[in-house]
Amino acid sequence: MKHLTFKQKVVQGIHDLFYIWIREFRTTFRDQGVLIFFVLVPLVYPLIYAFIYTNETIREVPAVVVDNSRSSLSREYLRKVDSSPEVKIVSYCADMEEAKLMLKDRLAYGIIYIPAEFSEDIARGKQTQVSLYCDMSGLLYYKSLLNTNTSVSLDMNADIKMQRAGNTTNRQDEITAYPIKYEDVTLFNPANGFAAFLIPAVLILIIQQTLLLGIGLSAGTAREQNRFKDLIPINRHYNGTLRIVLGKGLSYFMVYALVSVYVLCVVPRLFSLIQIAQPGVLTLFMLPYLAACIFFAMTASIAIRNRETCMLIFVFTSVPLLFLSGVSWPGAAMPDFWRYFSYIFPSTFGINGYVRINSMGATLNEVAFEYRALWIQAGIYFLTTCWVYRWQIIQSRKHVIEKYKEYKNK
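Residues numbered from 1 in each chain as written. Predicted model: local features only at pLDDT ≥ 70, side-chain atom pairs only at ≥ 80, totals over all residues. Heavy atoms only, no water.

- Under the annotation held in an unreviewed UniProt entry, the chain carries the name ABC-2 type transporter transmembrane domain-containing protein and is attributed to Bacteroides cellulosilyticus CL02T12C19.

Shown next as structure tokens:
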């Protein structure tokens, strides 16, 4: 291209860019493996997760009772617990050993123990207690059992205080029961459900992971089909780093622009999840996230030598990346090393920013840290992608020259 003018080089570069874009686009839809990761998995996985957690909260948690009091007050307490939507009493046991056996066999997830002096202590004006034993292997079961028993005990406390106060008016009863009136307002998750908490993070992570798998599979296929096992083919159109990176990146961006609309907009609407994001804000936020994920995946694909390698390298990272995002465990409570390590991955900033925008109605100014971090990641990974692809171009040419010299010597 030395004899070409600058204008002709630019025109040739744009022509090659669109040639690479069209070729990569065709490869995506002709390769069944890549098509599965780019289309089928993003279509099906969000539905599976949403169907699993669609009930939002745990209902009718089975519990057993050891009632040593056998009084009217203890029966009233247990009746109120059983009438709540969160807990269902499935059995009354004679002693704690029988109750523990039921807990061990997973016939119940909690034991409500009422002591023999329960009713007598209340009658004497003494403080009594109800003991709750929970299977802590399921925190949601524990949450339902604890909240229900706490609410019932507070209600019965209020009734007992009003009976003993000897008030003459309803207003006096209200003040006696609740001297300080409080109001519980659940922000950003009115149903207090697990789906509204977890699904948004999973949706963002699915975009990154499927890009990693799809681009990695495509890179492995390119190496397997190349005579010298190189990532870049010997082709006059693949004669520049920028045109290769931008051509491939544009192809992936076009596919995932549509996939993102389905994953982030259609799926939450199908399952009536919280969705209060402003469309313009969400669109502007997703631009750097998709760019960062695409160039991150293209950089990581340099390590892929065959089609199966990407499955071994990338699949197991999904759960750790969800933990590192700071959703399942607060990021402020993480050790500094792991918090800074999580900044390597676009999903960390993408999850936190999307949750605030979609579930809390945040603007770009309110997620400025995540938004700027994603643009920085997009820029850094674009440069690393250009560097690894330039290195691959040099390696490809080197292998061709060596083969040519070998044939010439023969």
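On we go.
## A short note on the overall build of the chain
- Within the chain, the regular secondary structure consists of 15 helices and four strands.
- Taken over the C-alpha trace, the chain has a radius of gyration of 31 Å; the compact-globule value for 410 residues is 22 Å, which it surpasses by more than 25%.
- For the chain, the C-alpha atoms occupy an extent of roughly 105 × 45 × 40 Å along the three principal directions.
- Counting across all 410 residues of the chain, residues that qualify as buried make up 45%.
- At a minimum sequence separation of 6, the contacts of the chain that also span at least 24 residues come to 79%.
- Accessible surface computed for the chain: about 22900 Å², of which carbon and sulfur atoms make up 61%. (Helix = DSSP H or I, 4+ residues; strand = E, 2+ residues; numbered from the N terminus. Rg over C-alpha atoms; globule rule 2.2 N^0.38 Å. Buried < 20%, exposed > 50% of the residue type's maximum accessible area, 1.4 Å probe, protein only. Contact = heavy atoms within 4.5 Å. Areas by Shrake-Rupley, 256 points an atom, 1.4 Å probe, with all protein chains shown as cover.)

## Overview of helix α14 (residues 346-360)
- In this model α14 runs 20 Å from its N-terminal to its C-terminal C-alpha over 15 residues, within 8% of the 21 Å that 1.5 Å per residue would give.
- Taken across its 15 residues, α14 has twelve buried, putting it largely inside the fold.
- For α14, the full list of buried residues reads P346, S347, T348, F349, G350, I351, G353, Y354, V355, I357, N358 and S359.
- Following α14 by one or two positions, G361 adopts a phi angle in the positive range, close to 70°. (Expected span 1.5 Å × (residues − 1).)

## Considerations on the environment of S119
- Considering the arrangement of structural elements, one finds S119 in helix α5 (residues 118-123).
- Not counting residues up to four positions away in its chain, the partners in contact with S119 are S69, S71 and L73.

## Details of the UniProt feature "transmembrane region" (unreviewed entry) in the chain
- Those places that UniProt annotates as "transmembrane region" (unreviewed entry) correspond, in this numbering, to residues 33-52, 194-219, 253-274, 280-304 and 311-331.
- Within the segment residues 33-52, helix and strand shares are 100% and 0% respectively, and the terminal C-alpha atoms sit 26 Å apart.
- Secondary structure across residues 253-274 comprises 82% helix and 0% strand; the distance between its end C-alpha atoms is 26 Å. (UniProt positions renumbered as here; feature names shortened; annotations may be inferred.)

## So, a nonpolar patch on the surface
- Residues I36, L40, L43, V44, Y45, I48 and I52 make up a contiguous nonpolar surface patch of about 590 Å² in total accessible area.
- Note on I36: relative accessible area 39%, which makes it partly exposed. (Patch = residues over 30% accessible without salt bridge, like charges linked within 9 Å, V, L, I, M, F, W, Y side chains within 5 Å. Salt bridge = Lys/Arg side-chain N within 4 Å of Asp/Glu carboxyl O.)

## Overview of the domain arrangement of the chain
- Annotation of the chain at the domain level lists domain 1 (6-54 + 194-409) and domain 2 (61-177).
- One C-alpha centre belongs to domain 1, the other to domain 2, and the line joining them spans 52 Å. (Domains from an automatic or database assignment.)

## Things to note about the packing of helix α3 (residues 72-83) against helix α6 (residues 139-165)
- The N-to-C vectors of α3 and α6 enclose an angle of 135°; their axes lie 9 Å apart at closest approach. By the angle between their axes, α3 is oblique relative to α6. Classified by chirality, the crossing of α6 by α3 is right-handed. Contacts between α3 and α6 involve L73, E76, Y77, K80 and V81 from the first element and T148, N149, V152, S153, M156 and D159 from the second.
- Residue composition of the contact of α3 with α6, grouped by class: five nonpolar, three polar and three charged. (Axes fitted to C-alpha atoms, helices over the stretch in contact; angles between N-to-C directions. Parallel < 35°, antiparallel > 145°, perpendicular 65-115°, else oblique. Left-handed = near helix turned anticlockwise from the far one by under 90°. Nonpolar A, V, L, I, M, F, W, Y, C, P; charged D, E, K, R; others polar.)

## Some remarks on the packing of aromatic side chains
- This structure, assessed with the given rule, holds 22 aromatic pairs.
- Seen from their ring centres, Y77 and F118 are 6.5 Å apart, and the 65° between their planes marks the pair as edge-to-face. In this pair, Y77 is assigned in helix α3 and F118 in helix α5, connecting sequence segments 41 residues apart. Note on accessibility: Y77 and F118 belong to one class, buried.
- An aromatic cluster is defined as three or more aromatic residues linked by ring pairs; in this entry it consists of F296, F337, W338, F341, F345 and Y381. (Phe/Tyr/Trp six-rings, centres within 6.5 Å; stacked < 30°, edge-to-face > 60°.)

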